[in-house]
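# A closer look at the structure
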Amino acid sequence: IPNRSATFMHAPYINSSFFDNLSYAQNLGHWGAFGAGLQYFSAGAINQTDDSGTDIGAFTPYDLALSLGYAHKLNGIGPQALNGFSLGLGAKFIHSKLATSAQTVAVDLGVLSPGYLDDRLKLAATVTNLGGTSRGNQIQREGQGVRRRCVRGEGSVCRKEVSLERGEARGTPRAIRASATTCA
């Protein structure tokens, strides 16, 4: 970035769900660049029912992430082969609320190549979400003592808590899986 940049975005989605993003970045001259961000996703109010279909209120699941980042262009530092490459590091705090709340921290790493083909091509690689996993929202499978509860949404579709897995699920790191079934 030449000097500094700030961005705000509000994106309404389906029904009452929405995504908000607020970010700021500052060029620090030969020291690199610094950035900070806030991301918020709300799934909107979802009606909740018990096993017999009786409405027991509503809940509003959401995800929140606070991020800090730093990037530096390598010029005259390290091996000559890395000259012109940029390295970045980001740290974030993530809070999620589904049936229960959970939080974790994670780290992102990135590298950006110098420009090729008259600066029309740059290559980048990132590794994201290194670190802790959010276990608080992981729901046990049916038959392991979890009470079945349907959450009624639009079109009489119901999500069963017992079908939701968050975190390291089925051997896939940082996976989110959910299923929907029609309520009877």
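Preceding this section is the structure that the text describes.
Just so you know, these numbers come straight off a predicted model, no measurement behind them.

This part covers the packing of aromatic side chains. Within the structure shown, the criterion is met by two aromatic pairs. Taking 5.8 Å as the distance between ring centres and 40° as the angle between the ring planes, the aromatic pair formed by Phe-18 and Tyr-40 counts as tilted. A residue pair is termed long-range when its members are at least 10 positions apart, and Phe-18 in strand E2 (residues 18–27) and Tyr-40 in strand E3 (residues 33–42) qualify at 22 residues. Classification of Tyr-40 as partly exposed rests on a relative accessible area of 25%.

So, about the side chain of Ser-113. With respect to the helices and strands, Ser-113 occurs in the loop between strand E8 (101–112) and strand E9 (124–131). The contacts of Ser-113, once residues within four sequence positions are left out, are Gly-84, Phe-85, Lys-122 and Leu-123.

Tracing the chain through its elements places Ser-42 in strand E3. For Ser-42, a relative accessible area of 4% translates into the label buried. Apart from residues lying up to four places away in sequence, Ser-42 is in contact with Ser-17, Phe-18, Thr-60, Pro-61 and Tyr-62.

As a further point, take the sheet that holds E2. Ordered in space as E1-E2-E3-E6-E7-E8-E9, the seven strands form an open sheet in which the pairing is antiparallel. Of all the strands in the sheet, just strand E1 (4–12) and E9 have a single pairing partner and so form its edges. Neighbouring strand axes in the sheet, compared pairwise and without regard to direction, differ in orientation by 10° on average. In this structure, E8 lies alongside E9, joined through six bridges in antiparallel fashion. From the neighbouring strand, Val-111 faces E9, where its bridge partner is Ala-125.

To continue, consider unusual backbone geometry. For Asn-15, which is not glycine, the phi dihedral falls at a positive 50°. As for its position among the elements, Asn-15 is in the loop between E1 and E2. Overall, the relative accessible area of 57% leaves Asn-15 in the exposed class. Positive phi outside glycine occurs at Asp-119, with the angle close to 65°. Summarising the element assignment, Asp-119 is placed in the loop between E8 and E9.

With respect to the helices and strands, Leu-64 occurs in strand E6 (residues 62–73). In sequence terms Leu-64 and Lys-97 are 33 residues apart; their C-alpha atoms lie 8.8 Å from each other. If we skip the residues at most four places from it in the chain, Leu-64 touches Leu-38, Gln-39, Tyr-40, Phe-93, Ile-94 and His-95.

Residue placement: His-95 occurs in strand E7 (residues 86–97). At 3.2 Å, the side chain of His-95 and the side chain of Tyr-62 are in polar contact. In contact with His-95, not counting residues within four places along its chain, are Tyr-62, Asp-63, Leu-64, Ser-101, Ala-102 and Gln-103.

A few words now on the pattern of salt bridges. The tally for this structure, following the rule as stated, stands at one salt bridge. Close ionic contact of Lys-92 with Asp-108 constitutes a salt bridge, the shortest N to O distance being 3.1 Å. Here Lys-92, found in strand E7, pairs with Asp-108, found in strand E8; they are 16 residues apart in sequence, far enough to count as distant.

Rules used throughout
- Throughout this description, residue numbers start from 1 for each chain and increase along the sequence as written.
- Given that this is a predicted model, residues contribute local features only at a pLDDT of at least 70 and side-chain atom pairs are listed and counted only at 80 or more, while totals for whole chains, interfaces and linings are drawn from all residues.
- To obtain the side-chain values, all non-hydrogen atoms of the structure were used and water was disregarded.
- Stacked, edge-to-face and tilted labels apply to pairs of Phe, Tyr and Trp rings (six-membered ring for Trp) whose centres lie within 6.5 Å, assigned for plane angles under 30 degrees, over 60, and everything in between, in that order.
- Under the scheme used here, helices are H or I runs from DSSP no shorter than 4 residues and strands are E runs no shorter than 2 residues, and both carry numbers assigned from the N terminus.
- Residue burial is assigned from relative accessible area. The probe radius is 1.4 Å, only protein chains are included, and a residue is buried under 20% of its type maximum, exposed over 50%, and partly exposed in between.
- We call two residues in contact when some of their heavy atoms are within 4.5 Å.
- By the convention used here, strands pair only if DSSP detects at least 2 bridges between them.
- Here an angle of 0 to 180 degrees is reported between the N-to-C directions of two axes, which are lines fitted to C-alpha atoms, with helices fitted over the stretch in contact.
- Polar contacts, as used here, are pairs of N or O atoms within 3.5 Å; protein pairs need one atom able to donate a hydrogen and one able to accept it. Residues neighboring in sequence count only if both atoms are side-chain atoms.
- One speaks of a salt bridge when a side-chain nitrogen belonging to Lys or Arg is within 4 Å of a carboxyl oxygen belonging to Asp or Glu.

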